[in-house]
Structures are given as C-alpha cells and as structure tokens.
Amino acid sequence: MGTPEERAARMTTQLTEKLALTADQQTQVKAIYLDQNSAMTKARAAAGDDRKAMRDKMMAANEESNTKITALLTDDQKKAFAAYLEERKAAMQNRGGQ
C-alpha cells in the first residue's frame, strides 16, 4: 500500500487525470489525502481487533475528505468527481463479491 505520503500522491495523480486538477488544486488535494491517510493509519492502530470501529472511522474520514475535495472543485469537476466516486464504490462492491 505504501506510506501515507505515497498513497496521497497516488490518489492525487488519479484525481488529476480524472478531473484535470490545477496545480493549486493538486497541492490542496494532496494535503487532504495526506491528512486522511495519517488518520487512517492511526485508526488502524487504535482499533486493534475491532474491525467495525476501524471501518466506521475510515468511512467517516473518507466522507470528510470527499467533502473537502468537492469544495475545491469547479462545477464540471464536481460532476466528474461524483461519477468517479460512484465508479470506485461499484468497484469496491464487486471486489467484495456482493
């Protein structure tokens, strides 16, 4: 999976390709993802064997990050971001065998 910094860079690159982020947006998005990844690393450590608690914290962190990112985007980018999130959600459901 990589370090929080590597994951933030990879996720920022994906969004840049999907949404044509400006340099300023890239910097802000990377900071949001870095905060999220750091929080998730701490949540994993704190949750121990309580996978539901870890999942709940991670879902909340994802929602918070998505809200922050949406606030940075233009109207066209917001539509593309919403579509991207739906694609990822469908991919996660398919991967889970649901």
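The present account deals with the structure reproduced in this document. (Residues numbered from 1 in each chain as written. Predicted model: local features only at pLDDT ≥ 70, side-chain atom pairs only at ≥ 80, totals over all residues. Heavy atoms only, no water.)

In the structure shown here, the tally under the stated rule is one aromatic pair. Pairing phenylalanine 81 with tyrosine 84 gives two aromatic rings, centres 6.4 Å apart and planes at 20°, and the pair type is stacked. Taken together, the residues phenylalanine 81 and tyrosine 84, both in helix α4 (residues 75–95) and three residues apart, mark about one turn of the helix. (Phe/Tyr/Trp six-rings, centres within 6.5 Å; stacked < 30°, edge-to-face > 60°. Helix = DSSP H or I, 4+ residues; strand = E, 2+ residues; numbered from the N terminus.)

A word on helix α3 (residues 51–72). In an α-helix, one full turn covers 3.6 residues, which means residues spaced three or four apart are oriented alike. Relative to the 32 Å expected for 22 residues at 1.5 Å per residue, α3 spans 32 Å between its end C-alpha atoms, a close match to the ideal helical length. Restricting attention to buried positions, one finds in α3 the residues Met54, Met58, Ala61, Ser65, Asn66 and Ile69. For α3, the angular spread of buried residues about the axis comes to 135°, placing them on one side. Those residues of α3 that are exposed and angled more than 90 degrees off the buried face are Lys52, Glu63, Thr67 and Ala71. (Expected span 1.5 Å × (residues − 1). Buried < 20%, exposed > 50% of the residue type's maximum accessible area, 1.4 Å probe, protein only. Arc of directions from axis to C-beta.)

These values are about where atoms sit, not about what they do.
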